[in-house]
Amino acid sequence: MALRLVQVNFKARDDEALGRFWADALGWGVSSEGPGVTNVEPLGFNWPDPTAVCIDVVAVPDPETVKYRAHLDLATTSAAHKDELVARLLELGATHADIGQGDVPWTVLADPEGNVFCVLEPREIYRDTGPIATVVVNCSDPRAMARFWSEATDWTLHEVDDDHARLRSASGVGPYLELLRTDGPETVWNRVHLDVKPYAGDDLDAEVERLRNLGASNADVGQGDDVSWRVLADVEGNEFCILAPDRAESV
């Protein structure tokens, strides 16, 4: 049994507007599985597939300011591409953001609902990830988080030290998951979490129990009992969702 990181979930006041921003930012398309939900994924994408981690935007009542723990880093291929992408994102409604980053080679922006993300300078490691270079989760102990997520998923741990850990799909494609040590949480408008999914035919309840044994805990985000997914928190209290496995799926 194993799980796959399949999407990043954004809570939004206006799911359609925020979904359209991210689709235009990434060059992807939008669809919807129902009212209040906008799905953002590559055009012609057969979800789930390790070549991309998609975005799921869900409308919620006006959310309060929460600790900033997860964000996206976008890849660029040259200095000119980075400048062009930043300019285009600003035209789409992004704004510059200051989270204390100081003088760094990347650019920190916020989407139209205030969620912070980064546009990276060109880096060789991200040349084949697609538009999303990495999904970043801030934490206090990257080693402990790396142990949890590498055992929770079938993603491969590429490197880990006291300050940083990097994982990627076992297929060696798509974006990375990076666990970055921070001395203290920034407080900004941000409601982002990870969604993972079992393989077809796996048992959802068994996966939940396995994750509990790895150190996950139950979490209540007001989901109620009549949902097909489960909500847990990782070893540092970051909430994430386990989606129901498909009965049949091409893999």
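These notes cover the structure that comes with them.

Calculation rules
- Residues numbered from 1 in each chain as written.
- Predicted model: local features only at pLDDT ≥ 70, side-chain atom pairs only at ≥ 80, totals over all residues.
- Heavy atoms only, no water.
- 1 Å grid on protein atoms, 1.4 Å probe; cavity = no way out; pocket = protein on both sides within 12 Å on 5 of 7 lines; lining within 4 Å.
- Points joined across faces, edges and corners; volume = space filled by probe spheres on them.
- Nonpolar A, V, L, I, M, F, W, Y, C, P; charged D, E, K, R; others polar.
- Axes fitted to C-alpha atoms, helices over the stretch in contact; angles between N-to-C directions.
- Helix = DSSP H or I, 4+ residues; strand = E, 2+ residues; numbered from the N terminus.
- Parallel < 35°, antiparallel > 145°, perpendicular 65-115°, else oblique.
- Left-handed = near helix turned anticlockwise from the far one by under 90°.
- Contact = heavy atoms within 4.5 Å.
- Core = buried A, V, L, I, M, F, W, Y, C linked by side-chain atoms within 4.5 Å.
- Buried < 20%, exposed > 50% of the residue type's maximum accessible area, 1.4 Å probe, protein only.
- Pairing = 2+ DSSP bridges.

As for empty space enclosed by the protein
And then number 1: Taken as a whole, this structure holds one cavity of 30 Å³ or more when the rule is applied.
And then number 2: One number sums up the size of the largest cavity: a volume of about 30 Å³.
And then number 3: What lines the largest cavity is simply L5, W149, T153, W155, L167, L177, L194 and V196.
And then number 4: The class makeup of the residues in the lining of the largest cavity is seven nonpolar, one polar and no charged.

Some points on the packing of helix α1 (residues 15-26) against helix α2 (residues 79-92)
And then number 1: At a closest axis distance of 10 Å, the pairing of α1 and α2 adopts a crossing angle of 160°. With respect to their mutual orientation, α1 and α2 come out roughly antiparallel. When you trace α1 past α2, the crossing you get is right-handed. Where α1 approaches α2, its residues F21, D24 and A25 are matched on the opposing element by L85, R88, L89 and L92.

Some details on the nonpolar core
As a rule of thumb, soluble globular proteins bury nonpolar side chains together.
And then number 1: Counting 53 residues, the largest nonpolar core has W22, L89, W149, L177 and L179 as its most contacted members.
And then number 2: The element best represented in this core is α1, accounting for six residues.
And then number 3: With sequence-adjacent residues up to four places away left out, L177 is seen in contact with L5, T134, V135, V137, W149, W155, A165, R166, L167 and L194.
And then number 4: By size, the runner-up hydrophobic cluster in this structure holds 10 residues, among which are A97, V108, A110 and C118.

Structural notes on the sheet that holds strand β16 (residues 217-218)
And then number 1: Spatially, the eight strands line up as an open sheet ordered β2-β3-β4-β1-β15-β18-β17-β16, and their pairing is mixed. Two strands lie at the open edges of the sheet, namely β2 (29-34) and β16, each paired on one side alone.
And then number 2: Across the sheet, helix α4 (residues 204-214) is in contact with β1 (3-12), β15 (192-198), β16, β17 (230-233) and β18 (239-242); its angle to β17 comes to roughly 10°.

Focus: the packing of helix α3 (residues 142-152) against α4
And then number 1: Viewed as axis vectors pointing N to C, α3 and α4 meet at an angle of 160°, and their least axial separation amounts to 10 Å. Judged on the interaxial angle alone, α4 and α3 are roughly antiparallel. You can see that α3 and α4 cross each other, and the crossing is right-handed. Note on element contacts: α4 touches α3 through R210, L211 and L214, opposite F148, E151 and A152.

Focus on the sheet that holds strand β6 (residues 70-74)
And then number 1: Here eight strands make up an open sheet; going across it, the order is β7-β8-β9-β6-β10-β13-β12-β11 and the pairing mixed. Unpaired on one side and paired on the other, β7 (95-96) and β11 (156-160) mark the two borders of the sheet.
And then number 2: Pairing between strand β8 (residues 107-110) and strand β9 (residues 116-119): four bridges, direction antiparallel. Bridge pairing links V108 to C118 in β9.
And then number 3: Strands β6, β7, β8 and β9 of the sheet are contacted by α2, whose axis makes an angle of about 150° with β9.

Some words on the side chain of S169
And then number 1: Positionally, S169 belongs in the loop between β12 (164-168) and β13 (176-181).
And then number 2: Of the residues examined, S169 reaches a relative accessible area of 6% and is grouped as buried.
And then number 3: Apart from the residues lying within four places of it in its own chain, the contact partners of S169 are P50 and W155.

Details of the layout of surface pockets
And then number 1: Considering only enclosed or pocket space, the second largest pocket measures out at about 450 Å³ in volume.
And then number 2: Along its surface, the second largest pocket is lined by 23 residues, and H71, D73, W106, C118 and L180 are the ones closest to its centre.
And then number 3: Mapped onto the lining of the second largest pocket, the elements with two or more residues apiece are β6, β10 (132-139), β12 and β13.
And then number 4: Looking at side-chain class alone, the lining of the second largest pocket contains nine nonpolar, seven polar and seven charged residues.

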